[in-house]
Amino acid sequence: MSADGGRVARTDDRGPSGRPLDGLADAFLAEPSDVRRRDQFVAGLARGLPSSVSARVNRALDALAGDDAVDLQRLVPAVVHVACQEPAVQRALRAVGDVGELTSDDITEELYRPLSRPLPLRLLRDAVVAHEDVETLLTALRRRWLLAAVADERIVWPGHDLLAAVALQMLTTEWVFDETPAETHAVRDLQTTLHVAGIVPLGSARKNLLIYALYRPLGSVVREAPAAVDHTKPAALAELLRRHLVEPADERRLAARLPRLTPITDPVSVRVQAQYEALPYPRWHTVARRSPRPVGELIAQALNRPDLRESLTTRSPRVLIAGCGTGRHAISAANRYAGARVLAIDLSLEALGFAARQARRLGVRNIDFAQADILELADLDDRFDVIESSGVLHHLRQPETGWQILRGLLRPGGLMKIALYSRSGRGVLDPVRDQIRSADITPTIDGIRSLRRAV
């Protein structure tokens with residue numbers, strides 16, 4: 001297994017227009033608030049990484065960690081590539097490849113250092129770090145941490161910030177990483193210890209609580225967050241308590257107050273609703289922010305149709321996001337279209353509660369969420385300048401009927417943007433589906449882990 005997973009292109013250290021990546025980093029560091037310079041540096045990172053990274057590129061990466069306007073997911077390949085160049089990380093990956101695990105001697109401060117820089121920490125907390133080598137390393141590290149904690153073994157422990165960041169990555173990916181029977185047993189032992197300790201106030205159980213969160217929701221050992229969760233120390237534990245306990249409670253309250261625009265009775269819609277009530281997807285934490293622009297200008301540019309700039313001139317466009325899921329698409333649209341008022345609908349109240357909380361957290365006020373079935377929207381007393389529906393219509397029992405209903409909700413001259421799954425494009429998944437059927441793998445966490453091991 002290669003240290004960089006073989007997935008990130010290497011370049012001659014040059015970004016867009018042939019400018020060296022170091023130059024792009026220097027320009028960004030000289031004026032971090034300059035959006036154009038920041039975007040050029042991010043684009044340079046996305047085009048490919050050099051075989052080695054200079055100190056100034058690393059400083060620029062650190063500076064990006066605090067920028068909420070950056071799409072963090074775009075930075076994952078670059079940051080993973082940089083971290084995997086570190087000799088300590090390469091040694092650890094070789095050790096796992098050779099013997100299947102890390103020993104106490106493999107775990108050093110030097111190994112933690114590249115993972116503890118500001119941007120890797122931010123990505124672990126707030127993005128999905130989907131990379132084979134990172135998953136291999138984190139799986140081995142959390143196993144070593146858990147077994148050492150239960151056995152009271154002396155090892156070099158990471159700081160609370162790194163422990164909490166890895167725990168938040170596990171929450172975001174819903175604890176899908178591989179788990180051995182020994183780990184399952186050790187987690188049960190740790191859960192018993194935490195119950196006996198009585199976690200409120202948190203007292204001396206902080207480290208064990210952080211380790212438990214690497215494997216399970218904290219709600220199974222902490223009934224409710226401390227009243228002053230924002231003042232909980234360390235701050236990394238406060239963030240864990242917020243995401244595990246405070247935010248889900250907020251989502252339930254917000255969801256309970258959302259309007260229901262239509263009944264949901266179609267049998268296929270009911271099944272889809274049940275799936276996303278159980279597993280709202282995706283969990284996300286950041287969204288790139290851009291200065292809003294007039295709707296005609298954006299659509300004319302996207303379609304290369306200058307005439308649309310003049311035909312779509314409304315200063316307060318009405319926008320419908322049909323099937324918004326957990327809200328990332330809808331919130332991006334609310335930020336993108338100048339003067340817009342957005343209605344975002346979905347079948348799942350669980351997903352809508354997550355979306356509404358994120359909109360509130362991000363201060364996005366020009367959006368309304370509601371529960372509805374597209375197939376029941378024909379009588380809606382509202383019309384829209386723009387309708388967007390991405391990855392939704394093919395889930396309906398009658399996709400064409402859904403299309404016609406949405407088309408009927410457009411104002412004269414309005415536009416609709418539809419994205420559908422492609423049978424040919426998704427054909428690469430057919431062997432996996434065959435494997436799921438032949439092995440009778442169930443859609444449970446254990447079933448998903450067993451499939452991932454087989455893959």
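Not measured: the values here are computed from a predicted model.

Here's the deal with the overall build of the protein chain
Each helix and strand counted, the protein chain has 20 helices and seven strands in total. Against the compact-globule benchmark of 23 Å for 455 residues, the protein chain has a radius of gyration of 24 Å, which places it among compact chains. Counting only C-alpha atoms and orienting by the principal axes, one finds that the protein chain spans roughly 70 × 55 × 50 Å. Taken across its 455 residues, the protein chain has 48% of its residues classed as buried. Taking the intrachain contacts of the protein chain between residues at least 6 apart in sequence as the baseline, contacts between residues at least 24 apart amount to 74%.

Topic: helix α12 (residues 235–257)
With 23 residues, α12 ought to run about 33 Å at 1.5 Å a step, and its terminal C-alpha atoms sit 31 Å apart, in line with that. The principal kink in α12, of about 40 degrees, is found at Arg242.

A word on empty space enclosed by the protein
Overall, the coordinates contain one cavity of 30 Å³ or more when judged by the stated rule. Approximately 190 Å³ is the volume attributed to the largest cavity. Mapped onto the lining of the largest cavity, the elements with two or more residues apiece are α4 (72–84), α5 (87–99), α7 (118–126) and α8 (132–151). Here the lining of the largest cavity is composed, by residue class, of 14 nonpolar, no polar and one charged.

Points about the environment of Ile441
Examined against the element boundaries, Ile441 turns out to sit in the loop between α19 (430–438) and α20 (445–454). For the pair formed by Ile441 and Leu451, sequence separation is ten residues and the distance between their alpha carbons is 7.3 Å. Excluding its chain neighbours within four sequence positions, the residues that come into contact with Ile441 are Gln435, Ile436, Gly447, Ser450 and Leu451.

Description of the packing of aromatic side chains
For the structure on display, the rule yields three aromatic pairs. Relative to Trp145, the ring of Tyr112 lies with its centre 6.2 Å away and its plane at 45 degrees, an arrangement referred to as tilted. Pair noted here: Tyr112 is in helix α6 (residues 109–112) and Trp145 is in helix α8, with a separation of 33 residues, a long-range link. The ring of Trp157 has Lys207 lying over it, and the distance from NZ or CZ to the ring centre is 3.9 Å. Positioned above the aromatic ring of Tyr421, the side-chain terminus of Arg426 is 4.0 Å from the ring centre.

Some thoughts on the nonpolar core
Within the largest apolar cluster, 82 residues are counted, with the highest numbers of intra-cluster contacts made by Phe41, Leu64 and Leu141. The residues contacting Leu141, other than those within four sequence positions of it, are Leu102, Ile107, Leu111, Tyr112 and Leu115. Among the nonpolar cores identified, the runner-up in size contains 33 residues, and Ala255, Ile321, Ala330 and Val342 belong to it.

Details of the sheet that holds strand β4 (residues 341–346)
Strand order in the open sheet made by the five strands is β5-β4-β3-β6-β7, with parallel pairing throughout. The two strands at the open ends of the sheet, each matched to only one other strand, are β5 (367–371) and β7 (410–419). When the angles between neighbouring strand axes are averaged without regard to direction, this sheet yields 20 degrees. Strand direction decides the pairing type here: strand β3 (residues 318–322) and strand β6 (residues 384–390), joined by three bridges, are parallel. Looking at the pairing, Leu320 lines up with Ile387 of β6. Running at roughly 165 degrees to β5, helix α17 (residues 349–362) makes contact with β4 and β5 of the sheet.

Some remarks on α7
The element α7 is extensively covered by neighbouring structure, given that seven of its nine residues are classed as buried. Along α7, the residues that are buried comprise Leu119, Pro120, Leu121, Arg122, Leu123, Leu124 and Asp126.

Topic: unusual backbone geometry
Cis geometry is found at the peptide bond from Tyr281 to Pro282, where omega equals -5 degrees. With respect to the helices and strands, the residue Pro282 is situated in the loop between α13 (267–278) and α14 (295–303). Unusually for a residue other than glycine, Trp175 sits at a positive phi of about 55 degrees. Tracing the backbone shows Trp175 in the loop between α9 (160–172) and α10 (181–197).

Section: the pattern of salt bridges
Per the stated rule, a full pass over the model turns up 34 salt bridges. Residue Arg305 is joined to Asp307 by a salt bridge in which the shortest nitrogen-to-oxygen separation is 2.7 Å. Look at Arg305 and you get partly exposed, because its relative accessible area is 38%. Asp385 is the partner of Arg411 in a salt bridge, and the nearest nitrogen-oxygen pair spans 2.8 Å. Of the two residues, Arg411 sits in strand β7 while Asp385 sits in strand β6, which places them 26 residues apart along the sequence. For Arg411, a relative accessible area of 33% translates into the label partly exposed. Residue classification places Asp385 among the buried residues on the basis of a relative accessible area of 11%.

Some words on the confidence of the model for the protein chain
Residues at a pLDDT of 70 or more form 92% of the protein chain, whose mean pLDDT is 88. This stretch, residues 1–18, has a pLDDT under 50; its non-local contacts, to residues over four places away or in other chains, come to 51 contacts.

Describing the pairing of β7
Sheet topology places β6 next to β7; six bridges connect them, and they run parallel. In the strand pairing of β7, Ser389 is matched with Ile418. Regarding topology, helix α18 (residues 399–408) serves as the crossover connection from β6 to the parallel β7, and that connection is right-handed.

A word on the environment of Glu109
Mapped onto the secondary structure, Glu109 falls in helix α6. Remark: the alpha-carbon pair of Glu109 and Ala43, spanning 66 residues in sequence, is separated by 32 Å. When near neighbours in sequence (up to four residues on either side) are disregarded, Glu109 contacts Val156 and Trp157.

Parameters at a glance
- Residues numbered from 1 in each chain as written.
- Predicted model: local features only at pLDDT ≥ 70, side-chain atom pairs only at ≥ 80, totals over all residues.
- Heavy atoms only, no water.
- Helix = DSSP H or I, 4+ residues; strand = E, 2+ residues; numbered from the N terminus.
- Rg over C-alpha atoms; globule rule 2.2 N^0.38 Å.
- Buried < 20%, exposed > 50% of the residue type's maximum accessible area, 1.4 Å probe, protein only.
- Contact = heavy atoms within 4.5 Å.
- Expected span 1.5 Å × (residues − 1).
- Bend = angle between axes of the 7 residues up to and from the residue.
- 1 Å grid on protein atoms, 1.4 Å probe; cavity = no way out; pocket = protein on both sides within 12 Å on 5 of 7 lines; lining within 4 Å.
- Points joined across faces, edges and corners; volume = space filled by probe spheres on them.
- Nonpolar A, V, L, I, M, F, W, Y, C, P; charged D, E, K, R; others polar.
- Phe/Tyr/Trp six-rings, centres within 6.5 Å; stacked < 30°, edge-to-face > 60°.
- Lys NZ or Arg CZ within 6 Å of the ring centre and 35° of its normal.
- Core = buried A, V, L, I, M, F, W, Y, C linked by side-chain atoms within 4.5 Å.
- Pairing = 2+ DSSP bridges.
- Axes fitted to C-alpha atoms, helices over the stretch in contact; angles between N-to-C directions.
- Salt bridge = Lys/Arg side-chain N within 4 Å of Asp/Glu carboxyl O.
- pLDDT = per-residue confidence, 0-100.
- Right-handed = clockwise from strand over helix to strand, strands pointing away.

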